[in-house]
Structure formats: C-alpha cells, structure tokens
Amino acid sequence: AALGLLSPFVERNEPCVMRQLLADWPPVHLWDDSHLRAACGDVQIPVRKADGPGQFGDPTRPGVYSSESSLMEVSDFLDALGAAEAAGDHGALYAAQLRLRNASPRLFAETQPAPAVLRALGPLWRNSPSAYIGSGSRTTLHFDCLENLLCVVRGSKRVTLWHPGYSGLLYPGGGGSGLFSQV
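Residues numbered from 1 in each chain as written. Predicted model: local features only at pLDDT ≥ 70, side-chain atom pairs only at ≥ 80, totals over all residues. Heavy atoms only, no water.

Asker: Quick one: what's the story with the packing of helix 3 (residues 33-40) against helix 4 (residues 74-86), residue by residue and with numbers?
Answerer: For the pair helix 3 and helix 4, interaxial distance at closest approach is 9 Å and the crossing angle is 160°. Our classification of the angle between helix 3 and helix 4 gives roughly antiparallel. Of the two elements, helix 3 crosses helix 4, and the hand of that crossing is left-handed. When helix 3 is examined against helix 4, the residues Asp-33, Leu-36, Arg-37 and Cys-40 are found in contact with a partner set consisting of Val-74, Ser-75, Leu-78 and Asp-79. Here the residues of the contact of helix 3 with helix 4 sort into four nonpolar, one polar and three charged. (Axes fitted to C-alpha atoms, helices over the stretch in contact; angles between N-to-C directions. Helix = DSSP H or I, 4+ residues; strand = E, 2+ residues; numbered from the N terminus. Parallel < 35°, antiparallel > 145°, perpendicular 65-115°, else oblique. Left-handed = near helix turned anticlockwise from the far one by under 90°. Contact = heavy atoms within 4.5 Å. Nonpolar A, V, L, I, M, F, W, Y, C, P; charged D, E, K, R; others polar.)

Asker: Can you lay out the environment of His-29 for me, pointing to particular residues and giving the numbers?
Answerer: Residue position: His-29 is located in helix 2 (residues 26-30). For His-29, a relative accessible area of 58% gives the class exposed. The sequence separation of His-29 and Val-153 amounts to 124 residues, and the corresponding C-alpha distance is 7.9 Å. When neighbours within four sequence positions are excluded, His-29 is seen to be in contact with Ala-23 and Asp-24. Here Ala-23 takes part through its backbone oxygen, which lies 2.6 Å from a polar atom of the side chain of His-29. (Buried < 20%, exposed > 50% of the residue type's maximum accessible area, 1.4 Å probe, protein only. Polar contact = N/O pair within 3.5 Å; in protein donor to acceptor, adjacent residues only side chain to side chain.)

Asker: Can you lay out the sheet that holds strand 2 (residues 69-73) for me, pointing to particular residues and giving the numbers?
Answerer: The pairing of strands in a sheet comes from backbone hydrogen bonds and takes either a parallel or an antiparallel form. The strand order across the open sheet formed by four strands is 2-1-3-4, and the pairing between neighbours is antiparallel. In this open sheet, the two edge strands, each paired with only one partner strand, are strand 2 and strand 4 (130-134). Geometrically, the sheet is characterised by an average inter-axis angle of 35° between neighbouring strands, direction not taken into account. Across two bridges, strand 1 (residues 44-49) lies against strand 3 (residues 93-99) in antiparallel orientation. The partner of Arg-48 across the bridge, within strand 3, is Tyr-94. Together, strand 1, strand 2, strand 3 and strand 4 form the strand contacts of helix 4, whose direction differs from that of strand 2 by roughly 100°. (Pairing = 2+ DSSP bridges.)

See the structure below:
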C-alpha cells in the first residue's frame, strides 16, 4: 500500500512527506545509543567539525560543516554528541553519509531486507543505505542528485522541500557547485 502512495510523487518528481512510512523498519526500534555502541562502538567513522561555537562550517556558506573530516570511534562520537546535547549546545560534530554496508556490516544487516516502498524510487544506489548522525546539525539549501527517503530514527529533523521546478530561483552555484545554493 505504501508503494502505491509514494509512486505518484516519484513519477511527478514531486517531494512529499509521509509520516510513519517506515515505522516498522527494524532500525527505527533498535538504533539507540546503547545499541550503536554494542554494534559498532569501536568502529572508526569520518566526522566533520564545525569551525567554531555557533558556526557551522564555511562562514561564506552558513549551515555547512567543513568538507574535511577526521576519524573518530563511534562511542567517542556519541559521547561528544551527548555532552553537547546535555550542555544545550548545537553539535559541533556531524557524521555524514556513512555507508553502512562498509562502515558497519552489523547495522547494514539490520536494514535488510530493504523496505518494499523503496522500489518506488527505482534501482537502489549501491551505497545505500547511508546514515547521518548529528545533534543540532544543519545543512545549507542543496539538491540531492538521487531519489532518497529520509527516515529519522531518533530526535527530529526540520526539512524544507522545494519543487524541482523552482531550482533556478534558489540561486544554485554555492561553493562552486550547482548542488548548493548561494543563499
């Protein structure tokens, strides 16, 4: 049934919000901090850092973390996020596009089988699924090249979706890339 609900949006290249679409997907129920520590706590992951307090990356592109990353163990990363959250700070660390197949085979296995609704998006990207982990993370206005499905496992995320027909009005070309906005 969910596949039938999503397909018309994909066919029209129209963004949509479908709450609880993946409510029965195992990661939604399993992936809390203690589970992540047990599954991959000693795994090194690439982590991006903000440039300074209250500043998210490149000051010419507000909301963006540094494109450079350093390796950090998942447990240490979760400790740092927890400390920032407890202090009421926005996270200065962000783990972006963690390719679970390579980063944590155990977490990848917990995503399988892939939810049937993904068939509406066409062939799966070979690196899917990817995980993004942060606390108070922000990203600048951007365009994703591939169809994707966002599933928030813990916390919340505010997303503003724009119809692709408005692309020219969103000032593409930020950071020298047509994928990011200049504003």
